[in-house]
Each structure stands twice: as C-alpha cells, then as structure tokens.
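Given next are the chains, with one letter for each unit.
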Amino acid sequence: MRRPPSAATVAKAAPALTPAEARDAITHYSKTNNLALAAKDRALLDTVEDGPRYAMTLADLKEDEGLPNADRKPFRAWSYDVTQTDLYIPRLTAGKRKWFAAVTRAGSAQQYARVLVLAENTKTKQWEMVSTVDIDDPQQLPQIVLDQDGYATPIDPASTKLATPAEQLRAAVGDNFATGGAGRKVFAATKASEQQVKVHRDTVNKFGTRGTTRFTAEKPEYPEAYALKTTTGALVVFSHTHAQHDASTTAGLRIRPEKQDRAWLGTSPSPAFTYTFTCSDVASVPSTPGPSSLLGYGCRRTDATAAGPSTAV
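Reading guide: rules and limits
Residues numbered from 1 in each chain as written. Predicted model: local features only at pLDDT ≥ 70, side-chain atom pairs only at ≥ 80, totals over all residues. Heavy atoms only, no water. Helix = DSSP H or I, 4+ residues; strand = E, 2+ residues; numbered from the N terminus. Expected span 1.5 Å × (residues − 1). Buried < 20%, exposed > 50% of the residue type's maximum accessible area, 1.4 Å probe, protein only. Phe/Tyr/Trp six-rings, centres within 6.5 Å; stacked < 30°, edge-to-face > 60°. Lys NZ or Arg CZ within 6 Å of the ring centre and 35° of its normal.

## Focus: helix 3 (residues 51-65)
Structurally, the α-helix is built with 3.6 residues per turn, so residues lying three or four positions apart point the same way.
Phase 1: End to end, helix 3 covers 22 Å across 15 residues, agreeing with the expected 21 Å (1.5 Å per residue, within 8%).
Phase 2: Counting buried residues along helix 3, 11 of its 15 residues qualify, which places the element largely inside the surrounding structure.
Phase 3: Among the residues of helix 3, those classed as buried are Gly-51, Pro-52, Arg-53, Tyr-54, Ala-55, Met-56, Thr-57, Ala-59, Leu-61, Glu-63 and Asp-64.

## Some words on the packing of aromatic side chains
Phase 1: Going through the model one piece at a time under the given rule, you end up with 7 aromatic pairs.
Phase 2: Between Trp-78 and Tyr-80, the aromatic rings sit 4.8 Å apart at their centres with planes inclined by 80 degrees, giving edge-to-face as the arrangement.
Phase 3: Taking relative accessible area as the criterion, Trp-78 reaches 28% and is therefore assigned partly exposed.
Phase 4: Looking at Tyr-80, the relative accessible area reads 12%, which means it is buried.
Phase 5: Centre to centre, the rings of Phe-100 and Trp-127 are 5.4 Å apart; their planes meet at 65 degrees, and the pair counts as edge-to-face. Of this pair, Phe-100 sits in strand 4 (residues 99-106) while Trp-127 sits in strand 6 (residues 127-135), and the two are 27 residues apart along the sequence.
Phase 6: Judged by relative accessible area, Phe-100 falls into the buried class, the value being 0%.
Phase 7: Each residue in the set Tyr-29, Trp-78 and Tyr-80 is aromatic and connected to the rest through ring pairs, giving one cluster.
Phase 8: For Lys-62, the ring lying beneath its charged end belongs to Trp-264, and the centroid distance is 5.1 Å.

Listed below in structure tokens is the structure:
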C-alpha cells in the first residue's frame, strides 16, 4: 500500500512577504512611478511595473507625447496612503511566483477604492505593479478570508470549483463589448458590466449610415489571473484584450483620426482603423452556481493601425 507523503516532503505554504514589506513595496512603487512619469523615463518605469499596468502606462505616455504642448496636462505627484490600505498577502507554496493584493481607499468617507496586485520579478526580485482596478462601489467588495495570522488563501483562478473560472470571465467581458449584452449570461447587473454594454451600444452607431464599428474579443496579451478566497467564493483579478474596428461604408469617404488617436495614427485620414485595448478587470465569483459580479475595470488603447489608402477626398 502506498504511504502518504511525510511532512518533510509536503510543500509548506508561506506568506509571500510580510505586511511591512508589502507596505514598503507599495511606497517604493509610488515614489519610483512619480520619478519615471515626471521624466517620462520608460526604463525606470519598467523596474516597478509589469503586465497590463505597464502596457497601459506606456500608452498614456505615448498619447500624451502625441498632443500639442498646450493640450498636455501638467504632471502631478501622487502616492498611495498605506495607512488606508488593506493588505491581502497569500500563503504560497515554494516555486510559485510571489504576489499579493491590496485595496487602497481615498476620499473623505473612503468612498473610493482601488484593487492593486503586485508580483515579484523572478529575475530582479523586485516587486512590480501588474494591475490596478478602480472599484465602482466599495460596498460590493466581498470579504476576503484571512487565517489566524492575517494571511489570505490563494485560489486557482482556473478552478472549476468556482462558478466562473477566469477564462469564462474573460470571455463574458469580451461578449459585453462585442455583442452588447451576451456577458449578462455570466454577470449579474453591476455598474461595471453595464458600462461595458453601454460602450458597445454608444459606439457601434457613432457613424450612422456612413460607417460601422464592431468590437472583437482578442487573445489576451496578459493571460495571468490572480484570485483570493472569500467568504462566498473568490475575488479574481484578470486582464482582457479587445479590438475596435472602425470603417467607412461610403466609397471615397475617409475617417480622420481624432486628437487622442494621432500619437498612434498621425493625421492622415483612412477608410478604416483598428484599435487594440488592454484592460484589467476584477470580479467577485461565487463557489456555488450563480452569477458573478464584475466590480470594476479599466482600459487603455495600446495599439492602433490604419487600413487602405490614406488620401482624403
């Protein structure tokens, strides 16, 4: 009969880092991010950001630099208040990439909340911000389960023990944009989910009879997802990628890039454009059958291309 593994051979889960180290990592990120953005130093930024957060910050810099100087917003230093930040540090087994989550709060009544995920760079051993998502209603945040020492329990975001694994969440978000509502089969009605549906509804008809707009879900550039056990299931942070395709339906008619588009496309009109968006999302997922709740999301255009002749008529 096969013997059970001994205690020595069972991988023991340990906290990814201490609470003090987590606060230091957030503070270091804020300070370095300020320096990098003030100087538009992409190499420095790369030392404290990764994944979708880095891609979105690079997009912000590119679009800002594409504007005339008079239209650029002056840089303002900022920081996260670690005294108003809840830390959720998971216990991880050896060999797993280290990461942790936090919820920062701001406002006179702490009415603004943002979910952060920081992960350790396996080469440099530096902590990098990989995701930041603003929560529409902090009251909707589920209660994350903490052990007697105050540490969280990670959940496999792909687990079929969850009502909606991460890939299905990603597909549902893609459906919200692409179809304007198919994602409702997965998501309960929340402000974040309805906003995605509204983006579809408001955008697909923006050209009237002169053109078309359609959205498509794309293969995610950043497939990593992070999940923590809650009293009802899991809090899941993930990323998705979608594209917006604008095209003229009238022969000879060209679409002229708008001001924010010009960093990507220049000023030449074209009969068609495709924009790629990188987004971060956070959802509350039950462990029993039932709808999940999209609590917040944020997107940035991270690429754009023109198709066809660019000569205006």
